Amino acid sequence: MPKQYLGYSDQDRRSEYAPFYDEKITTLPAEVTAALAGGAMPWGTLPDVGDLPDLEKSGYAAVEYGYSVDHDGSIAVAVKTDMPGVAPALWDWWFGWHGSQDLRYKLWHPGAHLSARWEDGKDDACYIGRNSIIKEYIGKDQLDAVIQFKSPLEFGFSNESINHPNKAVYICAKLGHPDLPVDYGYLVHQVRATENGAEMRSRFFIGGKYASIRKKGKLAEMATDILRKFKRLPDHFAPDLLRHCAEEMNHLAAFLPQLYQRYHTDNQLVINGDIFHRSQADFKKIILSNQYNKVDTGRTPDMLTEPRTVEDIIRIVRYAKQVGKRVTVLSGGHSFSANSIRPDCIVVSMKYFDQYKVNKAAMTAEAGPGVGGSVLLKALFKMGLFFPSGHCTGVCIGGYLLQGGYGWNGRKTGIACQSILGMDIVTADGELVHASESENADLFWAARGSGPGFFGVVVKFYLQLYTLPPYRAIMAHDFAIKHLEDVYRWAYEVGPEIPKAVEFQMMMSKNMMNVMGPGIEAFAPIFADNEDEFEAAKAFMHNSPIKKKAIIATPAFNPGIDVFYRAAMTHYPSNYHFGVDNMWTHASIDELLPHIKKIAEALPPAPSHFLWLNWYPDPLTVDMAYSKEDNIYLALYTCWKSAKDTEKYNFWAANMVREMQHLSSGIQLADEGLHKRTDHFMTPENLKRVQEIRAKRDPHGVFFEWHSRPGL
């Protein structure tokens, strides 16, 4: 490790940063000198950590300069620094730029700063979500620390705290030990614009009750208690920290505008997450690895981004708007038409937005768009809760909820997007907003049902949960293909009477259950709330007039949610190429049967299949963009292993549906093929309204629309 030292060496003075070297620290402002002379204030004079969001209020706190020390060793420090000629955004840049090199860090306070590096080893000008390893002196004491920069949102600040860096910037961090799992406390710097520049209002809360172990559990809690009792900072640490902060902030402010002008650049996207560029040799492979459908679209994005923070997404959207690029969003990559893979665009992968939090008492959850629906549902099962997640593992809730979302028990709970209470969205202007029935209601209305045509990036969903139905089971009847007409006539006739606790569906394939040859598997998943409902749900299968023709007819049994998912995934294997299409219909069985028979004759080899879903929805009671459903849902899924068969199978599903398009009342956006065939996915009135909201919210077309849409 290079020798660390204070000040600048002769070699340092030959570096590119030499014009900004100034080892003379500016005289402290009178207010700071007075605060130091006045000594410690009574504990409670300064606001506490929970009061930090009050910094967003206009005006000033009762005390802007001073420090307090509590009996347990806790310290609180407040400092204000006036910065004529400095804009808040300059400090936002500085905290990202300086952390990768010792010489940059020393510019801040050459008489106290020794070294700085990013824990991840990168040399990027962003800081939120990253850890800075620093060595510096606070007074005469050397401090080794890790500064864990956090989003202001995690500290309780509002969305506005990250939306308008021209007005104010909030630098928030936890302080800790660089090698041990121990945190010392918190810091916040608010830099807000003033008439002649900016002012920084700094707050520190360190030691005592603010110290903690960086791990959870009973042992960690015990260790935290010990840490708070015996790990006290020196008595002079609080005034030394006040002095240090005032010195470094005043010192750097004197030349920060010149430093920013010299080293800041607007033509490069910098985020905490990873960026993959089209120029990379393996870019095509990386893009394909993010698609469940392995068909090469022939479309090449400009870059793939993997943001880790909301601030990253804001940067991406603002950068795209600045350079004239368009944006697509990738939640889990299960879009069969690869909606996120568009030419010359910036793909925003939400893979790191995969956290969720459940409030069992309130029957609600908060979840990122990268959360797997099956992951969430399995966790809810353990709590006795339920959400109508999708039927396939790997499908993340982002795209699933935006396009509508029909999932387990969906006939009772309704289409899944009806259970969204709110969303946090980064708009086409690069601003974070909350959308609900009462806030940004136009975005909330449009998001629920517009699917890949939505003009924003949802970073969090607020969901309504339900009690887990205690009576759960599945029944299955498997028929040879020779009984096709009997099976589909029965399904059609019984459809309107099937209880809502049942999601009745049938799968036709060339190799039923992978071993039985051509046939039709009829499934009846049941989610019932009581025994009477459970018995009623089973009746239509028990009393089926064609039950005796089934090769296999199972009783109702509960295999568990894991088996439910494993069974579904046998029809959607990974690392396959897919060609799909679908349609809603209320056509008669006599109109449908000739097409179904043709599908049976021409169906490609398994696991390709034809899905019939008896939906028979109740009238939609929620006003939202989603507006297209019908009695029966038909979907064709062609899948093949080898790329050489793409030409043979790719358009089969679309061509089959095209032949019966006259019977279609529209499609749903889940398993669509809008890149091959256009059909209605919402009512004309709702599509018109969506486009009107788009024109208002995304007038420059930052976000792509659907692959195709009907004319207005």
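Our subject is the structure that appears above.
Residues numbered from 1 in each chain as written. Predicted model: local features only at pLDDT ≥ 70, side-chain atom pairs only at ≥ 80, totals over all residues. Heavy atoms only, no water.

Turning our eyes to something else, we now look at helix 13 (residues 441-450). Taken across its 10 residues, helix 13 has 9 buried, putting it largely inside the fold. Of all the positions in helix 13, only Asp 442, Leu 443, Phe 444, Trp 445, Ala 446, Ala 447, Arg 448, Gly 449 and Ser 450 are classed as buried. (Buried < 20%, exposed > 50% of the residue type's maximum accessible area, 1.4 Å probe, protein only. Helix = DSSP H or I, 4+ residues; strand = E, 2+ residues; numbered from the N terminus.)

Turning our attention to the sheet that holds strand 10 (residues 274-277). Pairing in this open sheet of 4 strands is mixed, and the strands run 10-11-13-12 from one edge to the other. Edge positions in the open sheet fall to strand 10 and strand 12 (326-330), since each of these has one partner strand only. Between one strand axis and the next, the sheet turns through 20 degrees on average, direction left out of account. Inspection of the sheet shows strand 11 (residues 303-306) paired to strand 13 (residues 345-349) by 3 bridges, in the parallel sense. Within the sheet, the bridge partner assigned to Leu 304 lies in strand 13 and is Val 347. Each of strand 11, strand 12 and strand 13 touches helix 9 (residues 310-323); the most contacted strand, strand 13, lies at about 170 degrees to it. (Pairing = 2+ DSSP bridges. Axes fitted to C-alpha atoms, helices over the stretch in contact; angles between N-to-C directions. Contact = heavy atoms within 4.5 Å.)

By the burial criterion, the buried members of helix 14 (residues 484-494) are Leu 484, Val 487, Tyr 488, Trp 490, Ala 491 and Val 494. Axial view of helix 14: buried residues confined to an arc of 155 degrees, hence all on one face. (Arc of directions from axis to C-beta.)

So, about the sheet that holds strand 17 (residues 420-426). An order of 14-15-19-17-18 is seen for the 5 strands of this open sheet, with the pairing classed as antiparallel. This sheet does not close on itself; its edge strands, each paired only once, are strand 14 (356-359) and strand 18 (432-435). Taken pair by pair, the neighbouring strands of this sheet meet at an average axis angle of 15 degrees, ignoring direction. In this structure, strand 15 (residues 364-367) lies alongside strand 19 (residues 457-464), joined through 4 bridges in antiparallel fashion. Its bridge partner being in strand 19, Ala 365 is matched across the sheet by Leu 463. The strands that helix 13 touches are strand 17 and strand 18; relative to strand 17, the one it contacts most, it runs at about 100 degrees.

Now for the packing of aromatic side chains. Inspection of every chain in the model, using the stated rule, returns 43 aromatic pairs. Positioned above the aromatic ring of Phe 704 is the side chain of Arg 326, whose terminal nitrogen or guanidinium carbon lies 4.1 Å from the ring centre. Looking at Arg 689, its charged tip hangs above the ring of Trp 445, at a distance of 3.9 Å from the centre. (Phe/Tyr/Trp six-rings, centres within 6.5 Å; stacked < 30°, edge-to-face > 60°. Lys NZ or Arg CZ within 6 Å of the ring centre and 35° of its normal.)

This part takes up the packing of helix 10 (residues 373-382) against helix 16 (residues 561-569). Relative to each other, helix 10 and helix 16 sit at 160 degrees, their axes nearing to 10 Å. On the basis of their axis angle, the class for helix 10 and helix 16 is roughly antiparallel. Between helix 10 and helix 16 the crossing geometry is right-handed. Mapping the contact onto sequence places Gly 373, Ser 374, Leu 377, Lys 378 and Phe 381 in helix 10 and Ile 561, Asp 562 and Tyr 565 in helix 16. A breakdown of the residues in the contact of helix 10 with helix 16 according to their chemical character gives 4 nonpolar, 2 polar and 2 charged. (Parallel < 35°, antiparallel > 145°, perpendicular 65-115°, else oblique. Left-handed = near helix turned anticlockwise from the far one by under 90°. Nonpolar A, V, L, I, M, F, W, Y, C, P; charged D, E, K, R; others polar.)

What we call a disulfide is simply a covalent bond connecting the sulfur atoms of a pair of cysteines. Following the criterion strictly, the structure yields 0 disulfides and no others. With no disulfide of its own, Cys 172 lies closest to Cys 245 among cysteine sulfurs, the gap being 14 Å. Exposure remark for Cys 172: the relative accessible area of 0% places this residue in the buried category. The thiol of Cys 396 is unpaired, and the distance to the nearest cysteine sulfur, on Cys 392, comes to 12 Å. (Disulfide = S-S within 2.5 Å.)

Turning our eyes to something else, we now look at the side chain of Glu 629. Along the polypeptide, Glu 629 turns up in the loop between strand 26 (609-614) and strand 27 (632-640). Engagement of the side chain of Glu 629 in a polar contact is seen with the side chain of Tyr 626, the distance being 3.1 Å. Apart from the residues lying within four places of it in its own chain, the contact partners of Glu 629 are Ile 415, Trp 584, Trp 615, Pro 617, Asp 618 and Leu 620. (Polar contact = N/O pair within 3.5 Å; in protein donor to acceptor, adjacent residues only side chain to side chain.)

This brings us to the environment of Met 249. With respect to the element layout, Met 249 can be found in helix 6 (residues 237-253). Non-local contacts of Met 249, meaning those with residues more than four positions away in its chain, are made with Thr 81, Met 83, Trp 91, Trp 108, His 189 and Met 200.

Right, let's get into unusual backbone geometry. In the segment running from Ala 606 into Pro 607, the intervening peptide bond is cis, with an omega of 15 degrees. Considering the arrangement of structural elements, one finds Pro 607 in the loop between helix 17 (589-602) and strand 26. Even without being glycine, Ala 338 reaches a positive phi, approximately 50 degrees. Along the chain, Ala 338 falls in the loop between strand 12 and strand 13. Assessed through its relative accessible area of 7%, Ala 338 is described here as buried. Residue Tyr 616 is not a glycine yet carries a positive backbone phi of 40 degrees. The topology assignment puts Tyr 616 in the loop between strand 26 and strand 27.

Turning to the packing of helix 13 against helix 20 (residues 684-697), a few remarks are in order. The N-to-C vectors of helix 13 and helix 20 enclose an angle of 130 degrees; their axes lie 10 Å apart at closest approach. Judged by the angle between their axes, helix 13 and helix 20 are oblique. As helix 13 packs across helix 20, the resulting crossing turns out to be left-handed. Contact with helix 13, carried on its side by Asp 442, Leu 443, Trp 445 and Ala 446, involves Asn 686, Arg 689, Val 690, Ile 693, Lys 696 and Arg 697 of helix 20 and no other residues of that element.

This next bit is on empty space enclosed by the protein. The full count for this structure, using the stated rule, is 2 cavities of 30 Å³ or more. Estimated volume of the largest cavity: approximately 50 Å³. Lining of the largest cavity is provided by Val 69, Gly 73, Ile 75, Arg 232, Leu 233, Pro 234 and Asp 235. When the residues that make up the lining of the largest cavity are grouped by side-chain class, the tally is 4 nonpolar, 1 polar and 2 charged. By volume, the second largest cavity is sized at about 40 Å³. Every residue lining the second largest cavity is listed: Gln 403, Gly 449, Tyr 626, Ser 627, Lys 628, Ile 667, Gln 668, Leu 669 and Phe 681. By residue class, the composition of the lining of the second largest cavity is 4 nonpolar, 4 polar and 1 charged. (1 Å grid on protein atoms, 1.4 Å probe; cavity = no way out; pocket = protein on both sides within 12 Å on 5 of 7 lines; lining within 4 Å. Points joined across faces, edges and corners; volume = space filled by probe spheres on them.)

The next point concerns the pattern of salt bridges. The full count for this structure, using the stated rule, is 43 salt bridges. Arg 13 is paired through a salt bridge with Glu 23; the nearest N and O atoms lie 2.2 Å apart. In this pair, Arg 13 sits in the segment before helix 1 (30-38) while Glu 23 sits in the segment before helix 1, placing the two residues 10 residues apart along the sequence. Taking relative accessible area as the criterion, Arg 13 reaches 40% and is therefore assigned partly exposed. When the shortest N-O distance is used, the salt bridge between Asp 183 and Arg 214 registers 2.7 Å. Pair noted here: Asp 183 is in strand 7 (residues 182-194) and Arg 214 is in the loop between strand 9 (212-213) and helix 5 (218-230), with a separation of 31 residues, a long-range link. Assessed through its relative accessible area of 34%, Arg 214 is described here as partly exposed. (Salt bridge = Lys/Arg side-chain N within 4 Å of Asp/Glu carboxyl O.)

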